[in-house]
Amino acid sequence: MAKKKQPDSEIEALREEIRLHNYRYHVLDDPVASDAEYDRLLRRLFELEAEYPELVTADSPTGKVGAPPQTRFDVVKRDQPMMSLDNVMNAAAFDEWRERLVREVGEKGAEDYVCEPKVDGVAVELVYENGTLVLGATRGDGVNGEDITENIKTVRSIPLRLIGENSPVHLNVRGEVYMTKEAFERLNRKQADAGEKIYANPRNLTAGSLKQLDPSITAKRKLTFVA
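Just so you know, these numbers come straight off a predicted model, no measurement behind them. (Residues numbered from 1 in each chain as written. Predicted model: local features only at pLDDT ≥ 70, side-chain atom pairs only at ≥ 80, totals over all residues. Heavy atoms only, no water.)

### Some words on the pattern of salt bridges
Put simply, the test is: The salt bridge criterion pairs a side-chain nitrogen of Lys or Arg with a carboxyl oxygen of Asp or Glu, the two atoms within 4 Å. The helix and strand labels rest on DSSP assignments: H or I over at least four residues marks a helix, E over at least two residues marks a strand, and numbering proceeds from the N terminus. The classification of residues rests on relative accessible area computed with a 1.4 Å probe and restricted to protein chains. Under 20% of the type maximum is buried, over 50% is exposed, and intermediate values are partly exposed.
For the structure shown, the criterion picks out 16 salt bridges. Note that Arg 19 and Asp 59 form a salt bridge whose closest N and O atoms lie 3.7 Å from each other. Of this pair, Arg 19 sits in helix α1 (residues 8-26) while Asp 59 sits in the loop between α2 (35-51) and β1 (75-77), and the two are 40 residues apart along the sequence. According to the relative accessible area criterion, Arg 19 is buried, its value standing at 9%. Arg 161 is the salt-bridge partner of Asp 59, the closest N and O atoms lying 3.7 Å from each other. Remark: Arg 161 occurs in the loop between α4 (149-152) and β5 (170-178) and Asp 59 occurs in the loop between α2 and β1; sequence separation between them is 102 residues. One connected set of salt bridges, linked through shared partners, spans Glu 12, Arg 15, Glu 16, Arg 19, Glu 49, Asp 59 and Arg 161.

Below, the structure is given as structure tokens:
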């Protein structure tokens, strides 16, 4: 009996299409596929990967649903410290910050700086090798963080594989994982309807979600990411 042909091309085409839909939805905010169509593509990919487990790869979009539970988080030691960001709540505090900056680096040294609205989430570091996500880690003490890669993979706005050609050999991305107010309120409504615990705020829930030993729980929390 002839051996059944492995559908390598269909699997890879599905992965590419799902990655593009993720990018359009989470990055461009311009989706072109309905939720039903997206779910259909993902189901088909699940079916094929279940039938051909030897074709499953670490960067497949199916990894976002959650890997098997872990027993612990390994420590990650980074070469370049991951610093914390300063924040201010009003113009007066900003002026004080700039004055301290001038005292430390001089007027000329304080010409260039970046300020942006602060996302109240959890600082993480992503590492890509040849376009593939190989590590997601917490900030920790700046030098030592925790390996939360399997949980990071479940965040839909974080690509497991970069889109496009000529990805850098090594890319280090730092940013915040957070939960939108809408996602937080929706989850709390579900919790209330089920007579279960109501969560206090999105930031603490995000931190707890990223420290789950079972990534499938993290996947249900609808987290997002900004670099």
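Moving on from the model shown.
### Remarks on the nonpolar core
Operational definition: Side-chain atoms within 4.5 Å link the members of a nonpolar core, which is a set of buried Ala, Val, Leu, Ile, Met, Phe, Trp, Tyr and Cys residues. Whether two residues touch is decided by their heavy atoms; if any such pair falls within 4.5 Å, the residues are in contact.
Grouped together as the largest cluster of nonpolar side chains are 22 residues, with contacts concentrated most on Val 124, Leu 126, Ile 152, Ile 158, Leu 210 and Phe 225. Within the residue set of this core, elements represented by two or more residues are β2 (122-129), β5, α5 (181-193) and α6 (202-210). Here the element with the most residues in this core is β2; it accounts for four residues. Each residue touching Ile 152, except ones within four places of it in the same chain, is listed here: Val 124, Leu 126, Leu 133, Gly 136, Ile 158, Val 177 and Leu 210. Core analysis: the second largest hydrophobic core is formed by 10 residues, Leu 14, Tyr 38, Leu 45 and Leu 55 among them.

### Here we look at the sheet that holds strand β3 (residues 132-138)
In sheet architecture, strand pairing relies on hydrogen bonds along the backbone and comes in two forms, parallel and antiparallel. Test applied: We call two strands paired when DSSP finds no fewer than two bridges between them. Working convention: axes come from line fits to C-alpha atoms, limited for helices to the stretch in contact. Angles between N-to-C directions cover 0 to 180 degrees.
The four strands are arranged β3-β2-β5-β6 in an open sheet whose pairing can be described as antiparallel. Lying at the two open borders of the sheet, with one neighbouring strand each, are β3 and β6 (224-226). If you compare each strand with its neighbour and ignore which way they point, the axes differ by 35 degrees on average. Two elements, β2 and β3, share six bridges in a ladder whose sense is antiparallel. By the bridge assignment for β3, Glu 129 is matched with Thr 132. Each of β2 and β5 touches α6; the most contacted strand, β2, lies at about 40 degrees to it.

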